[in-house]
Amino acid sequence: MKRSTAACKAISLPAPAKINLMLHITGQRPDGYHELQTVFQFLDYSDQLHFRLNHHQQINLLTPFEGLPAEQNLIVRAAKLLQQHTGTTLGTDIEIDKILPAGGGLGGGSSNAATTLVALNQLWQTNLTQHQLAELGLALGADVPVFIHGFAAWAEGVGEALQPIVPTQDWLLVICPNVHVSTGEIFCHKKLTRSSKPIKFATALVGDMRNDCQSLVSELYPEVKKALDWASAFAPTLMTGTGACIFSHFDQQSKAEDILARVPGDWQAFVARGVNTSPLFIELDKIASVNH
Ligand SMILES: C[C@](O)(CO)[C@H](O)COP(=O)(O)OP(=O)(O)OC[C@H]1O[C@@H](n2ccc(N)nc2=O)[C@H](O)[C@@H]1O
Ligand SMILES: Nc1ncnc2c1ncn2[C@@H]1O[C@H](COP(=O)(O)OP(=O)(O)OP(=O)(O)O)[C@@H](O)[C@H]1O
């Protein structure tokens, strides 16, 4: 897809959530990372990032994140990585409207990093290809490449070997129980299922749509089990990534909204559409068509 790279001084782009429609763990590599088979779909529900060019080579994150020093923020790390990789003398001031819960399995940090790489590649006119950006992004997180490529995908490897797939674009009720699950903690746990039999791409969307992390997370975090039990009474429900968020499928927005209204008050929840093209790329195409 050809997109405009016209020079600009500022750009605002979304960083959407992802869900894992299924997630199998089929093995572990010598470096400790796990071999996965998963289906990624995006949600039409995004953080919004705003980038303004500066000429001082400074990366300034103007929106504070409680408890997370700026230098550890994946937005700042992504910007610095691109700066170092390309040798650009430009910098950026960044603001974010954050709505995605951290540590929810919705990939918020990875998505922020991906949007940062894509946005700054335009703002700084560094002209890396999508493939180069995805390779760079993988060093920041296993989920970054899917956000950079922007299509719903069947993923293998650690989640970086992607093939397009076209799941139904259901309405989803997403519930975020009041707990923070660390991805590292789940992948290190001795009770994690690590030996699922590999399946074929052709069967990715039929049969057993399970998440191999779900039973362990349910055991360690009873609040996640409680949410799964509650939501499963209304619609097919699964946990995303390593949790804590769960999602339930509906064929109509109104049905999902009806159940949203009944979600117990101590859980954050929202309704969003599962989409097969990332809202990031829909926005980039809009910008490109305006610039033509
Ligand atoms: C579970 C998923 O959300 C599925 O989409 C992702 O694979 C997680 O991706 P992510 O949050 O970008 O994870 P990373 O930041 O790369 O890794 C966090 C930690 O999880 C473990 N990890 C992660 C991904 C993977 N395939 N195997 C792992 O063992 C590693 O211990 C790593 O130190
Ligand atoms: N910009 C960012 N937004 C959110 N979290 C960030 C960011 N930068 C760094 N982090 C750190 O990354 C951790 C994981 O955040 P993230 O929202 O990606 O988790 P997640 O949704 O569970 O991701 P995944 O599904 O990829 O496991 C957070 O606990 C936080 O400390």
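Model, not experiment: these values are computed from the prediction.

### Thoughts on the UniProt feature "domain: GHMP kinase N-terminal" (unreviewed entry) in the protein chain
UniProt annotation of "domain: GHMP kinase N-terminal" (unreviewed entry) refers to residues 73–150 when read in the numbering used here. Overall, residues 73–150 shows 56% helix and 9% strand. The separation of its end C-alpha atoms is 22 Å.

### Comments concerning helix α9 (residues 279–291)
Compared with the 18 Å implied by 1.5 Å per residue over 13 residues, the 19 Å span of α9 between its first and last C-alpha is a close match. Among the residues of α9, those classed as buried are P279, L280, F281, L284 and A288. On the buried face of α9, the contacting elements are β1 (10–28), β2 (34–54), α2 (108–123), α3 (130–138), α4 (144–149) and β10 (268–275).

### Observations regarding the state of the cysteines
Taken as a whole and assessed by the stated rule, the structure comprises zero disulfides. C176 takes part in no disulfide bond, and the closest cysteine sulfur, belonging to C245, lies 3.0 Å away. Residue C176 is classed as buried on the basis of its relative accessible area of 5%.

### Here we look at the confidence of the model for the protein chain
Predicted confidence across the protein chain gives a mean pLDDT of 95, with 98% of residues reaching 70 or more. Across the predicted assembly, pTM comes out at 0.95 and ipTM at 0.93.

### Observations concerning the site of ligand 2
Around ligand 2 there are 22 residues in total, and N73, L74, G109, D143 and T183 lie nearest to it. Here an oxygen atom of ligand 2 sits 2.8 Å away from a polar atom, N or O, in the side chain of T183. Those elements giving two or more residues to the shell around ligand 2 turn out to be α1 (74–86) and α2. Tallying contributions element by element places α2 first for the shell around ligand 2, with four residues. Within the shell around ligand 2, the residues separate by chemical class into seven nonpolar, twelve polar and three charged.

### A look at the UniProt feature "binding site: ATP" (unreviewed entry) in the protein chain
When the UniProt feature table is mapped to this numbering, "binding site: ATP" (unreviewed entry) covers P101, A102, G103, G104, G105, L106, G107, G108, G109, S110 and S111. Structurally, the position occupied by G103 is in the loop between β4 (91–97) and α2. For G103, a relative accessible area of 29% puts it in the partly exposed group. Not counting the four nearest positions on each side in its chain, G103 is found in contact with H180, V181, G243 and A244. We classify G104 as buried; its relative accessible area is 6%.

### Let's talk about the side chain of S248
Relative to the elements of secondary structure, S248 occurs in strand β9 (residues 246–250). One polar contact links S248 to T237, side chain to side chain, over a distance of 2.8 Å. The contacts of S248, once residues within four sequence positions are left out, are W171, L172, L173, A231, A235, P236 and T237.

### As for the packing of aromatic side chains
On inspection of all chains with the given rule, the structure shows five aromatic pairs. A centroid spacing of 3.6 Å and a plane angle of 5 degrees characterise the contact between Y45 and F270, whose relative ring orientation is stacked. In this pair, Y45 is assigned in strand β2 and F270 in strand β10, connecting sequence segments 225 residues apart. Residue classification places Y45 among the buried residues on the basis of a relative accessible area of 19%. Arranged with centres 6.2 Å apart and planes meeting at 75 degrees, the rings of W230 and W267 form a pair that is edge-to-face. Linking W230 in helix α7 (residues 222–232) with W267 in the loop between α8 (253–260) and β10, this pair joins segments that are 37 residues apart in sequence. When its relative accessible area of 7% is taken as the criterion, W267 is described as buried. One aromatic cluster is present, built from ring pairs that chain together W230, F234 and W267.

### Quick look at the pairing of strand β6 (residues 161–164)
Summarising the sheet, strand β5 (residues 153–156) and β6 pair through four bridges and their orientation is antiparallel. Residue pairing in the sheet places W154 in a bridge with Q163 of β6. Linkage of β5 to β6, two consecutive antiparallel strands, is achieved through a turn of four residues, within which G157 is found at a positive phi near 70 degrees.

### Let's talk about the nonpolar core
Residues F51, L82, L117 and W124 are the most contacted members of the largest nonpolar core, which totals 42 residues. Looking at this core, the element that brings in the most residues is α2, giving seven residues. Setting aside its immediate chain neighbours within four residues, W124 contacts L53, I59, A79, L82, Q83, T88, L90, G91 and T92. Among the nonpolar cores identified, the runner-up in size contains 27 residues, and L216, V217, I246 and A256 belong to it.

Cut-off values and rules
Residues numbered from 1 in each chain as written. Chains lettered and ligands numbered in written order. Predicted model: local features only at pLDDT ≥ 70, side-chain atom pairs only at ≥ 80, totals over all residues. Heavy atoms only, no water. UniProt positions renumbered as here; feature names shortened; annotations may be inferred. Helix = DSSP H or I, 4+ residues; strand = E, 2+ residues; numbered from the N terminus. Expected span 1.5 Å × (residues − 1). Buried < 20%, exposed > 50% of the residue type's maximum accessible area, 1.4 Å probe, protein only. Contact = heavy atoms within 4.5 Å. Disulfide = S-S within 2.5 Å. pLDDT = per-residue confidence, 0-100. Near = heavy atom within 4 Å. Polar contact = N/O pair within 3.5 Å; in protein donor to acceptor, adjacent residues only side chain to side chain. Nonpolar A, V, L, I, M, F, W, Y, C, P; charged D, E, K, R; others polar. Phe/Tyr/Trp six-rings, centres within 6.5 Å; stacked < 30°, edge-to-face > 60°. Pairing = 2+ DSSP bridges. Core = buried A, V, L, I, M, F, W, Y, C linked by side-chain atoms within 4.5 Å.

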